[in-house]
Amino acid sequence: MNLTFYSFFNESGVAQGTRDWIYALSEKHNISISNISNNEPNWTLFKDRSKFQNNKILETMFMSVLPDQQNRIDFKGKKTIGAAIFESTSPPKYWKDILSKNDVVVSPSTFCQKAFNSIGVNPILFPHTIDLNLYKESQNKLFSKDRPVIGFLGTCRERKGVFNLVRAFNEVFSENEAILYLKIDNASQLFDVIPKIRKQKNIIIDLKRYNEIQIAELMKSFDLFVLPTMGEGFSIPTLQSMALGVPILVTNWSGHTDFCKDNNSWLIEPDEISFLKTLDGYPQFFNCEWAKIKQTTLQDALKRVFNLLGSDEVKSKIKNGLQEVKKYDYKACLENFELIEKNL
């Protein structure tokens, strides 16, 4: 198949997920890419840019962007695949009309499928994929510290639970007991919410841009990956951490629960699932349902898992996780795409 991917080829999770779909499918299909922002793509995302023709529109278009952005794209009479990804249970109802213009709609998780079913859209399950030659237990570490490193990787927004994580970490750990490493996109809101974090020596805020090898090495340097999220469409960093053999502590709700189970992760039960009028200032999140974890609940979970590091229980979960991630390799992605081809 000749396939053009439309997306934001930047530092976002959407871009990372699209990149790996492209890598997997390029083993069998002819791929071109088009950056929806009209800027030059961030080529640090790609190991080999020469494989992908830039801005040449091929026979089938894969819209790996939000429906609002899909609505601004000229389909040019091509067949189209539209991505349906959402971090809560109730996507905007008008998205149904936008997505219905596509020949096929896909979602990366069963959580997303159910969310879009609720507004009358029936996506095909097309999970995200990762490169298991890069995200592997034997990967090198970018750094080593004299204390265990608790890691977070993601956008610095309330829905990711990062503010809750910082507060819980400060209550649980002394300065010399552990390090909290935050690989985030922007720290301005974090500095506003928790001003003292600027002076904390046991919290590292990393805003640097890395290539994909360095990101894998960075994540391998974590002794524990923590994501106390309020909602995820999939959560690629969680799957990557699992593939690296890094223990995982994550909210037991939303997209990542397709692969995060009791036998391979520590799951934090939300204290409540409730509706919020707004979250993080995004219009698509008005009046949506989110998982809420109290700070004390997160503190208890951090203590419990931290004290288990190095134990047989941790080793068992890591072993089970390494088996689970095989379901998300490039071969599996190609097999999952066959159903999409049949429906075009």
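Residues numbered from 1 in each chain as written. Predicted model: local features only at pLDDT ≥ 70, side-chain atom pairs only at ≥ 80, totals over all residues. Heavy atoms only, no water.

Draft legend 1. Broad picture of the nonpolar core. By size, the foremost hydrophobic cluster in this structure holds 64 residues, and its most contacted members are Tyr-135, Ile-150, Leu-182, Leu-190, Leu-249 and Leu-302. If you tally residues by element for this core, the top one is helix H5 (residues 162-172), at seven residues. Ignoring anything within four residues of it in the chain, the contact list for Leu-302 reads Ile-150, Leu-165, Ala-168, Phe-169, Phe-173, Val-226 and Leu-249. Ranked by size, the runner-up nonpolar core spans 22 residues in total, among them Ile-31, Ala-83, Tyr-330 and Phe-337. (Core = buried A, V, L, I, M, F, W, Y, C linked by side-chain atoms within 4.5 Å. Buried < 20%, exposed > 50% of the residue type's maximum accessible area, 1.4 Å probe, protein only. Helix = DSSP H or I, 4+ residues; strand = E, 2+ residues; numbered from the N terminus. Contact = heavy atoms within 4.5 Å.)

Draft legend 2. Inspection of the side chain of Ser-274 at higher detail. Among the secondary structure elements, Ser-274 is positioned in strand S14 (residues 272-276). On the accessibility criterion, Ser-274 (13% relative accessible area) is buried. A polar contact of 3.4 Å, which involves the side chain of Ser-274, links it to the side chain of Lys-292. Setting aside anything within four residues of it in sequence, one finds Ser-274 in contact with Cys-288, Glu-289, Trp-290 and Lys-292. (Polar contact = N/O pair within 3.5 Å; in protein donor to acceptor, adjacent residues only side chain to side chain.)

Draft legend 3. View of the packing of helix H1 (residues 13-25) against helix H11 (residues 330-343). Relative to each other, H1 and H11 sit at 85 degrees, their axes nearing to 9 Å. With respect to each other, H1 and H11 are oriented roughly perpendicular. For the pair H1 and H11, the contacting residues are Asp-20, Trp-21, Tyr-23, Ala-24 and Leu-25 in the first and Tyr-330, Cys-333, Leu-334 and Phe-337 in the second. Its residues placed into classes, the contact of H1 with H11 shows eight nonpolar, no polar and one charged. (Axes fitted to C-alpha atoms, helices over the stretch in contact; angles between N-to-C directions. Parallel < 35°, antiparallel > 145°, perpendicular 65-115°, else oblique. Nonpolar A, V, L, I, M, F, W, Y, C, P; charged D, E, K, R; others polar.)

Draft legend 4. Looking closely at the state of the cysteines. With the rule as written, the count across this model stands at zero disulfides. Here Cys-333 stays unpaired: no disulfide links it, and the sulfur of Cys-112, its closest cysteine neighbor, is 16 Å away. (Disulfide = S-S within 2.5 Å.)

Draft legend 5. Region of the structure containing the side chain of Thr-229. As for its position among the elements, Thr-229 is in the loop between strand S11 (224-227) and helix H8 (236-243). Looking at Thr-229, its side chain comes within polar contact range of the main-chain oxygen of Arg-159, at 3.3 Å. Those residues in contact with Thr-229 that sit more than four places away from it in its chain are Arg-159, Lys-160, Gly-161, Thr-251, His-256 and Ala-291.

All quantities given are derived from atomic positions and should not be read as evidence of function.
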